[in-house]
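The primary structure of each chain is shown beneath.
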Amino acid sequence: MPDEEITWPRRHARIDPDKEQEAAAWLKEQYEEGAYIRELAKQTGRSYGSVHRMLREAGVTFRPRGGARRRRPGSDGAKEGARTPDGRSDRPPTAGSRKPPTQRLKDEG
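Quantities reported herein were computed from a predicted structural model and do not represent experimental measurements.

Enquirer: I would appreciate a short explanation of the overall build of the protein in the present structure.
Expert: Counting its secondary structure elements, the protein contains four helices and zero strands. Taken from N to C terminus, the helices and strands of the protein fall in the order α-α-α-α. Relative to its full complement of 109 residues, the protein shows a buried share of 21%. A sequence separation of at least 24 residues applies to 45% of the contacts in the protein between residues at least 6 apart. Surface exposure of the protein reaches about 9,400 Å², of which carbon and sulfur atoms provide 48%.

Enquirer: Sorry if this is basic, but what is going on with the packing of aromatic side chains here?
Expert: Two numbers describe a pair of aromatic rings. These are the distance of the centres and the angle of the planes. Under the defined criterion, the tally for this structure stands at one aromatic pair. Between the aromatic rings of Tyr31 and Phe62, the centroid separation amounts to 5.7 Å while the plane-to-plane angle is 70°, which identifies the pairing as edge-to-face. Pair noted here: Tyr31 is in helix α1 (residues 17–32) and Phe62 is in the loop between α3 (48–57) and α4 (101–108), with a separation of 31 residues, a long-range link. The class for Phe62 is partly exposed, based on a relative accessible area of 29%. The ring of Tyr31 carries the charged tip of Arg63 above its face, separated from the ring centre by 4.0 Å.

Enquirer: Quick question: what am I supposed to make of the environment of Ala23 here?
Expert: Relative to the elements of secondary structure, Ala23 occurs in helix α1. Judged by relative accessible area, which is 0%, Ala23 ranks as buried. Between the alpha carbons of Ala23 and Thr44 there is a distance of 9.8 Å; along the sequence they are 21 residues apart.

Enquirer: Before we go on, may I ask you to explain the pattern of salt bridges in this structure?
Expert: Side-chain pairing between opposite charges can occur once the charged atoms of the two side chains come close. Throughout the structure, instances matching the rule amount to three salt bridges. Among the ionic pairs, Arg53 bridges to Glu57, the shortest N-O distance being 3.2 Å. A residue pair is termed a helical-turn pair when its members lie 3 or 4 positions apart in one helix, as Arg53 and Glu57 do in helix α3 at four residues. Accessibility expressed as a relative area gives 30% for Arg53, which makes it partly exposed.

Enquirer: Just to check I follow, could you spell out the side chain of Thr44 for this structure?
Expert: Looking at the element boundaries, Thr44 is found in helix α2 (residues 37–44). Among the residues examined, Thr44 registers a relative accessible area of 5% and is labelled buried. At 3.4 Å, the side chain of Thr44 and the backbone oxygen of Ala41 are in polar contact.

So, how was this worked out
Residues numbered from 1 in each chain as written. Predicted model: local features only at pLDDT ≥ 70, side-chain atom pairs only at ≥ 80, totals over all residues. Heavy atoms only, no water. Helix = DSSP H or I, 4+ residues; strand = E, 2+ residues; numbered from the N terminus. Buried < 20%, exposed > 50% of the residue type's maximum accessible area, 1.4 Å probe, protein only. Contact = heavy atoms within 4.5 Å. Areas by Shrake-Rupley, 256 points an atom, 1.4 Å probe, with all protein chains shown as cover. Phe/Tyr/Trp six-rings, centres within 6.5 Å; stacked < 30°, edge-to-face > 60°. Lys NZ or Arg CZ within 6 Å of the ring centre and 35° of its normal. Salt bridge = Lys/Arg side-chain N within 4 Å of Asp/Glu carboxyl O. Polar contact = N/O pair within 3.5 Å; in protein donor to acceptor, adjacent residues only side chain to side chain.

The following block contains the structure:
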């Protein structure tokens, strides 16, 4: 819960400018300890945008969006089905896959 000394005004009301830096420091501490911006917004009764703005102004380095990316076991990190430098796919053709238009013209001619 927010510090008892910080008086969080009702939603959409301005925070006392004298207390805003103190509030931003508290938000920064909570965020850096792993709290989510949405959690902080809910706890304080502020909007997501105002919490984000206060964190940005407090000099927070934001975490990447989304969760941790999980790799498949044995994955080397390369994308499956990536294109080769000449534009071909490294993915094996599937049953019923069509030939590229240039290959069809060669076969027909």
